Number of protein chains: 2
Amino acid sequence: MMAFEITKDLLDNITQYITIKNDTELSVVFSEMHHADIAEILDELSFDETLYIIRLLDSETTAEVLIDIDDDVREKVLKQLSAKEIAEEIDELDTDDAADIISELPEKRKQDVIQHVEDKEHAKEIVELLRYDEDSAGGLMAKELVKVNENWTIVRCVKEMRIQAEEVTRVHSIYVVGDNGELKGRLSLKDLLMASTTSKIADVYIPKVDFVVVTDEAEDVANVMRKYDLEAIPVVDELGILLGRITIDDIVDVIKEEAEKDYQLAAGITQDVEADDTIWELTRARLPWLFLGLIGGVGAFLIMEGFQESFKENAVLFFFTPLIAAMAGNVGVQSSAIIVQGLANDDVKGSINNRLIKEMLLAALNGLLLALVLFIFIWLYNGELLKAFAISVSLIVVIIIAGLIGTFIPLFLDKRGIDPAIATGPFITTSNDIFGILIYFWIAKMIIGF
Amino acid sequence: MMAFEITKDLLDNITQYITIKNDTELSVVFSEMHHADIAEILDELSFDETLYIIRLLDSETTAEVLIDIDDDVREKVLKQLSAKEIAEEIDELDTDDAADIISELPEKRKQDVIQHVEDKEHAKEIVELLRYDEDSAGGLMAKELVKVNENWTIVRCVKEMRIQAEEVTRVHSIYVVGDNGELKGRLSLKDLLMASTTSKIADVYIPKVDFVVVTDEAEDVANVMRKYDLEAIPVVDELGILLGRITIDDIVDVIKEEAEKDYQLAAGITQDVEADDTIWELTRARLPWLFLGLIGGVGAFLIMEGFQESFKENAVLFFFTPLIAAMAGNVGVQSSAIIVQGLANDDVKGSINNRLIKEMLLAALNGLLLALVLFIFIWLYNGELLKAFAISVSLIVVIIIAGLIGTFIPLFLDKRGIDPAIATGPFITTSNDIFGILIYFWIAKMIIGF
């Protein structure tokens, strides 16, 4: 692979050039570099060095670099730039990226920056994009696209396209619209390349075209584009008027971020953090979930304390509480993870009841096998048949209930419009710990009779 | 959204048409449908019905449908089809999809099917692709691409391209090669559209082109394409000869699958399972991890039993073991998740030592805050200052060690070339449970002195 690697030498050179203000050498170093690589380097530099480079490079480059650097760094850089400087960057960016940057600014600065944008048409389009929720199709789309009227000839179409294509980085499809701007169909570049120049658009365009509505959720857009292997999809309003288009590179980021968010939630980490974030940021993301675990642990303590009278004859019961808690937690996490993933991929069909029955059977099967192993171990180890029996039966019941809770909670949250991913991880582990231990002692008490 | 929804009515109609063998109506139902939608319907039908539809529809459609249906269904369908029938499907598919299907067949059938493929050039290319590991660039690439020689004129180029483009579903880039087939650069469709027909390729092509080597790992290819927002990337061999290209739709699947695999591993689910799989498949994916948890629980039992002499005076210690185990597990999962995600995104830089020091500080900070809360609770609740102190100090140490284990194990596995994702979930929870409880009793014993 032609992988770009940041070497210590490279970083040392750059910091040294910055110290001695050798702008010529710096320009040489960065001139041939991809903006994503420059962003990677800036993430390794100090903030003052980063700002120095941003100010040194031309706004065409830095505009793209700003999109790629760490959110926190970008926020700090933008604070240091004047409204006019930011507007210069904005002028270089596609509308979707421009809107993303402006949306991060405080309300007053937004207006300031937009007023400084030179291309008024560009500014108008950005303002339009700012209206949409960032997790909707509108928040993902760019205004840049190539569209032609169904009544044009191929010759006129090619001519208009050449003009429009100047502004569009990648032409995926040519969208065909009617006189009111309503989306009619599409024309592939390949078809255009193959078509005779004398035809009319109306004769050659493909009337079947996938599209999304501007208010659709980003995750749904991702699912549609992935399912149909699309590289771009047009966005229309409620009346079918073509508003913009979403390209696959933005969807790749949506898929990645969505997966990372779910993964972090399952691991008990709120907010989007990375290994390189500060200890303070990481603590804020981790501590709340740990605190939840602490409360769960105190709950378990109170339950066990409530049963302590029976300890003398039933010490073995108490020694198995970590096992019970661990199994309840593990089963809960497993079942919730499968449901959360199925919901995200939109392939959980059928009724909640069927799910619960299936999970119950599954948990019963797993529980039975595990309880059998545990029964044999306890029996052989200390020969107390009744206690071995009580603990094993409790284990089965705890596993079944843990499985049901793990299945039900995400489905329930999803029905109520809450992201089911929060139900995975510490939330399910903690509640299952408490339920598990409580049920365990109840059942053991019933069987042994203390 | 123009979302496709499978209604009960639609399914009922289809099954009824199948029962009465009304092929005309079935053809009408499926004729306008996208292959991804047909696949979704087949996943809801019985196996015999699926086979009926596969045999009914033309091989151009069913070839694409076969790519999209559930792996298990495809395997069963392929078993029912003759080598000749499979070869007909293969003939319709791009080389990468064709190779994916053939690679799932038993060795003897592979040869049979390949011999039946009519287009011998196509067969040869598929055989070449079968050589590569499925998780490598070679395993992802297709042979279909548009390439032109640097010495051609634009006119010749357009002519050749029209021929080549017939076979390529989506032309992203035109790759420019030298006389030995070595990759020289690229030509964008847009440039071609804009260039004057009298120029030579050598004068207009862009010599800078991202590429990957055929042996590169799929995950690295995904990272490169995502970083540089590429929609297609050429694949070369070790000598720089152009072999094929990888398109973004395949990378989207890689990213999605990689994320789902990591997520499932973190939740204690091996193998790729879905909510709709059978109870038996789900048990196989879930039981091994639960069994690991059971062993961990037995370990915790043995430790607690070893300390049981001290129970009478120190019952409270035993009642807090679930809390200690839960905290150790949660902290371990949090730290391992951040490292695993950082490794997957290739942004864990710097030495292992620095990571461990940072995690230690982070865990110490979290531990201190949580221990303080716990200390106050125990003190107020039962007034035993020394025990409250012992438990709280143990909690801090346990959290620090859990964090270190959670950080170290994935880094260690990664260094040894093992997928670090297996270190998340039950593996880390279970080992942290045992270590946690052991350390807890040791430290409490030291402080209280039983």
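Cut-offs and rules
- Residues numbered from 1 in each chain as written.
- Chains lettered and ligands numbered in written order.
- Predicted model: local features only at pLDDT ≥ 70, side-chain atom pairs only at ≥ 80, totals over all residues.
- Helix = DSSP H or I, 4+ residues; strand = E, 2+ residues; numbered from the N terminus.
- Rg over C-alpha atoms; globule rule 2.2 N^0.38 Å.
- Buried ≥ 20, exposed ≤ 12 C-beta atoms within 10 Å, placed from the backbone.
- Contact = placed C-beta atoms within 7 Å.
- Arc of directions from axis to C-beta.
- Least-squares fit on C-alpha atoms with pLDDT ≥ 70 in both.
- Axes fitted to C-alpha atoms, helices over the stretch in contact; angles between N-to-C directions.
- Parallel < 35°, antiparallel > 145°, perpendicular 65-115°, else oblique.
- Left-handed = near helix turned anticlockwise from the far one by under 90°.
- Nonpolar A, V, L, I, M, F, W, Y, C, P; charged D, E, K, R; others polar.
- Pairing = 2+ DSSP bridges.
- Domains from an automatic or database assignment.
- pLDDT = per-residue confidence, 0-100.

### Topic: the overall build of chain A
Helix and strand counts for chain A come out as 22 helices and six strands. Relative to a compact globule of 450 residues, whose C-alpha radius of gyration would be 22 Å, chain A shows 30 Å and is clearly more extended. Seen through its C-alpha atoms, chain A measures out along the principal axes to roughly 90 × 65 × 45 Å. Counting every position in chain A, which comprises 450 residues, the buried fraction comes to 47%. Taking the contacts inside chain A whose residues are at least 6 apart along the sequence as the reference set, 69% of them involve residues at least 24 apart.

### As for helix H4 (residues 47-56) of chain B
All names here are of chain B. Every buried residue of H4 is accounted for by Thr-50, Ile-53 and Ile-54. Seen from one end, H4 has its buried residues packed into an arc of 100 degrees, which puts them on one side. Opposite the buried face of H4, by more than 90 degrees, sit the exposed residues Asp-48 and Arg-55. Summarising the contacts, the buried residues of H4 are in contact with helix H3 (35-42), helix H5 (59-68) and helix H6 (71-80).

### Quick notes on the relation of the copies chain B and chain A
Superposing chain B onto chain A takes a rotation of 180 degrees combined with a translation of 0.1 Å along the rotation axis, leaving an RMSD of 0.1 Å. This pairing of chains is accounted for by a two-fold axis. In this assembly, 100% of the residues forming the interface of chain B have copies in chain A that are likewise at the interface, indicating an isologous arrangement.

### Some thoughts on the packing of helix H19 (residues 321-344) of chain B against helix H21 (residues 385-415) of chain B
All names here are of chain B. Two elements in contact, H19 and H21, have axes separated by 8 Å at closest approach and are oriented at 30 degrees. One finds that H19 runs roughly parallel with respect to H21. H19 and H21 meet at a crossing whose hand is right-handed. Looking at side-chain class alone, the contact of H19 with H21 contains 16 nonpolar, eight polar and one charged residues.

### Some thoughts on the sheet that holds strand S2 (residues 173-177) of chain B
Residues and elements named next belong to chain B. In space, the three strands of this open sheet follow the order S1-S2-S3, with mixed pairing throughout. Each end of this open sheet is capped by a strand with a single partner; those strands are strand S1 (146-149) and strand S3 (183-188). With strand direction ignored, the average angle separating the axes of adjacent strands in the sheet is 35 degrees. Inspection of the sheet shows S2 paired to S3 by five bridges, in the antiparallel sense. Directly across from Ser-173, in S3, lies its bridge partner Ser-188. Relative to S1, helix H12 (residues 154-165) is tilted by about 155 degrees, and along the sheet it contacts S1 and S2.

### Considerations on the sheet that holds strand S4 (residues 212-213) of chain B
All names here are of chain B. The strand order across the open sheet built from three strands is S4-S5-S6, with neighbouring strands paired in mixed fashion. What marks the edges here is a single partner per strand, and that holds for S4 and strand S6 (242-247). For S4 and strand S5 (residues 232-236), the ladder comprises two bridges, and the chain directions are parallel. Residue pairing across strands places Val-212 opposite Val-235, the latter belonging to S5. The strands touched by helix H15 (residues 218-227) within the sheet are S4, S5 and S6, with S5 carrying the most contacts at an inclination of about 135 degrees.

### Some remarks on the interface of chain B and chain A
Contacts between chain B and chain A engage 94 residues on the former and 95 residues on the latter. At 17 residues, helix H17 (residues 279-306) of chain B tops the list of elements feeding residues into the side of chain B that touches chain A. When grouped by side-chain class, the residues that make up the side of chain B that touches chain A number 59 nonpolar, 15 polar and 20 charged.

### Quick look at the environment of Gly139(A)
All names here are of chain A. Note that Gly-139 resides in helix H11 (residues 137-140). Once the C-alpha coordinates of Gly-139 and Leu-395 are considered, the two residues, 256 residues apart in sequence, prove to be 48 Å apart. Excluding its chain neighbours within four sequence positions, the residues that come into contact with Gly-139 are Tyr-132, Asp-133, Glu-134 and Ala-218.

### Focus: the pairing of strand S2 (residues 173-177) of chain A
For S2(A), the buried fraction is high: five of the five residues fall into the buried class. Hairpin remark: S2(A) followed by strand S3 (residues 183-188) of chain A, antiparallel, with five residues in the connecting loop; positive phi at Gly181(A), about 85 degrees.

### What to know about the domain arrangement of chain A
Domain annotation for chain A reports domain 1 (12-134), domain 2 (146-247) and domain 3 (279-448). Of note, the centres of domain 1 of chain A and domain 3 of chain A, computed from C-alpha atoms alone, are 49 Å apart.

### Observations regarding the environment of Thr424(B)
Residues and elements named next belong to chain B. Relative to the assigned elements, Thr-424 resides in the loop between H21 and helix H22 (426-448). The class of Thr-424 is buried, set by 30 C-beta atoms lying within 10 Å. Taking the C-alpha atoms as reference points, Thr-424 and Ile-269, 155 residues apart in sequence, are found 11 Å from one another. Once residues within four sequence positions are removed from consideration, Thr-424 is found in contact with Leu-265, Ala-266, Val-333, Ser-336, Ala-337 and Val-340.

### A short note on the confidence of the model for chain A
Summing up the model confidence of chain A, the mean pLDDT is 88 and the portion of residues at 70 or higher is 98%. Both confidence scores are given for the complex: pTM 0.81, ipTM 0.80.

### A closer look at the environment of Val221(A)
All names here are of chain A. Summarising the element assignment, Val-221 is placed in helix H15 (residues 218-227). For Val-221, a count of 26 C-beta atoms within 10 Å translates into the label buried. Sequence separation between Val-221 and Val-235 is 14 residues, and the spatial gap between their C-alpha atoms is 9.9 Å. Those residues in contact with Val-221, other than ones at most four positions away along the chain, are Ala-137, Leu-140, Val-212, Asp-216, Ile-233, Ile-246 and Ile-251.

### Quick look at unusual backbone geometry
Even without being glycine, Lys21(A) reaches a positive phi, approximately 50 degrees. Residue classification places Lys21(A) among the exposed positions, given that 10 C-beta atoms sit within 10 Å.

### Quick look at the packing of helix H17 (residues 279-306) of chain A against helix H22 (residues 426-448) of chain A
All names here are of chain A. Their axes nearest at 9 Å, the elements H17 and H22 cross at an angle of 5 degrees. Taken together, the axes of H17 and H22 are roughly parallel relative to one another. Contacts between H17 and H22 pair Trp-289, Leu-292, Gly-293, Gly-296, Gly-299, Ala-300, Ile-303 and Met-304 from the former with Pro-426, Phe-427, Thr-430, Asp-433, Ile-434, Ile-437, Leu-438 and Phe-441 from the latter. The residue makeup of the contact of H17 with H22, split by class, is 11 nonpolar, four polar and one charged.

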